[in-house]
Amino acid sequence: MRKLLSMLLALVLLAGLGGTALAANEDIEGKIVIYTSMYPFMIDQMKETLKGEFPNLEVEFFYGGTGELQTKLAGEMGDDLKGRLSCDMLLVAEPAYSLELKEYGYLEPVMIENPEETLRFEYDPEGYWYPVRTLNMVLAYNPEKYSREEVPSTFQAFAEDRSLDGKISMSNPLTSGTAMAAAVALSDKYGYDYFKALGENHVMIESGSSALAKLQTGECKAIMILEESVLKIRKEENSPIEVIYPEDGVILVPSTVMTVAENRSANANIEACEAVTNWLLSEAGQKCILSGYMHSVRKGMTEYPYDSMDTDALIEKDMGVNWERCYHDREEIRTRFQEAVTMP
């Protein structure tokens, strides 16, 4: 009987500990608003997951492309850069905008444990921004319409191969943060002549969904697009469209998470922002990212998105993006792209 009572007591204690673990974030209360460029399906999924992780925290998302969010935030900041934002956190496409917001004094530092041992990508050493999800700019084609020999194997050929004239598509660097990152990387590698070649090859500038539709019909031979868009339709729609990992390098874009400075934020809920940031960068948070067909930013995480390839192998193929140039030379790069591609 004594042994049985001891076992029952142990079970009760374990249950209590388990309840404490499950309720670890119950003390995080109030509300936060997150501006993000993540796809709506991913927002819905993350919102539901956060509801379970933070049962007493109201999390509201506002979706927009990078260009749309930058315009909205510029209006909220005002010409004097003293305005209060209508959000508390940002999950945007690339680090260049993080550099800008930090310079303007709109970010709050959030410290996480051992980021140098945890993160695969660059982060702000003062804690103003961290990579939270890894996007991958690639090429794609439809093997039911064209053979592998008829489509480009490099970003360079995508722009310069005249057999592709009028049959290629990409997103707009003026409105898409990831397309802007690609424009920076490719103009660094090949010079502004790369934009000229795109213009001469009559690249179509349109959304990823439009480009994918043209691959389906054969109107496009190849498109420049985020890997996640292809992986999603391959799994969910059984699409034949395939990713081409360019031989001259992929373009990895570590999208960032930021907390708005307390005196500039909508709800001044820094405790909640810090808790959500730490969760996003945890193994559990990164598994949520993986389910959205994006790569993890955590070192040692061997899982990768459906039908993709090892993240560390992609890092070895990464062309690299100069984020300082992406920020400071943004207008020049956009102008050169417009002149060569959208206003020939």
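Refer to the structure presented above.
Structural notes, computed from the coordinates. Just so we're clear, the structure is a prediction, and the values are computed from it rather than from any experiment.

**Brief notes about the overall build of the protein**
Right, so step 1: Check the secondary structure of the protein and you find 15 helices and nine strands.
Right, so step 2: A compact globule built from 344 residues should have a C-alpha radius of gyration of about 20 Å, and the protein, at 22 Å, falls within 12% of that.
Right, so step 3: For the protein, the spread of C-alpha atoms along the three principal axes comes to 85 × 55 × 30 Å.
Right, so step 4: By the burial criterion, 51% of the 344 residues in the protein qualify as buried.
Right, so step 5: For the protein, contacts bridging at least 24 residues in sequence account for 78% of all contacts bridging at least 6.

**Points about helix α11 (residues 270-280)**
Right, so step 1: With eight of eleven residues buried, α11 lies mostly within the body of the structure.
Right, so step 2: Of the positions making up α11, those classed as buried are Ile270, Ala272, Cys273, Ala275, Val276, Thr277, Trp279 and Leu280.

**Quick look at the environment of Thr335**
Right, so step 1: Counting through the fold element by element, Thr335 comes out in helix α15 (residues 330-342).
Right, so step 2: With 161 residues separating them along the chain, Thr335 and Leu174 place their C-alpha atoms 9.0 Å apart.

**Focus: helix α10 (residues 227-236)**
Right, so step 1: Among all positions in α10, only Glu227, Glu228, Ser229, Val230, Leu231 and Ile233 are buried.
Right, so step 2: Residues of α10 that are buried in the fold lie against β4 (130-141), α9 (208-217), β7 (222-226) and β8 (242-244).
Right, so step 3: Backbone geometry just downstream of α10 places Asn238 in the positive-phi region, at approximately 55 degrees.

**Overview of the packing of helix α8 (residues 193-200) against α15**
Right, so step 1: Packing of α8 against α15 leaves a shortest axis separation of 8 Å and a crossing angle of 30 degrees. Relative to α15, α8 is oriented roughly parallel. By crossing handedness, the relation of α8 to α15 is classed as right-handed. Between α8 and α15, the contacting residues are Phe195, Lys196, Leu198 and Gly199 on the first element and Ile333, Arg336, Phe337, Ala340 and Val341 on the second.

Here is what the cut-offs are and how they apply
- Residues numbered from 1 in each chain as written.
- Predicted model: local features only at pLDDT ≥ 70, side-chain atom pairs only at ≥ 80, totals over all residues.
- Heavy atoms only, no water.
- Helix = DSSP H or I, 4+ residues; strand = E, 2+ residues; numbered from the N terminus.
- Rg over C-alpha atoms; globule rule 2.2 N^0.38 Å.
- Buried < 20%, exposed > 50% of the residue type's maximum accessible area, 1.4 Å probe, protein only.
- Contact = heavy atoms within 4.5 Å.
- Axes fitted to C-alpha atoms, helices over the stretch in contact; angles between N-to-C directions.
- Parallel < 35°, antiparallel > 145°, perpendicular 65-115°, else oblique.
- Left-handed = near helix turned anticlockwise from the far one by under 90°.

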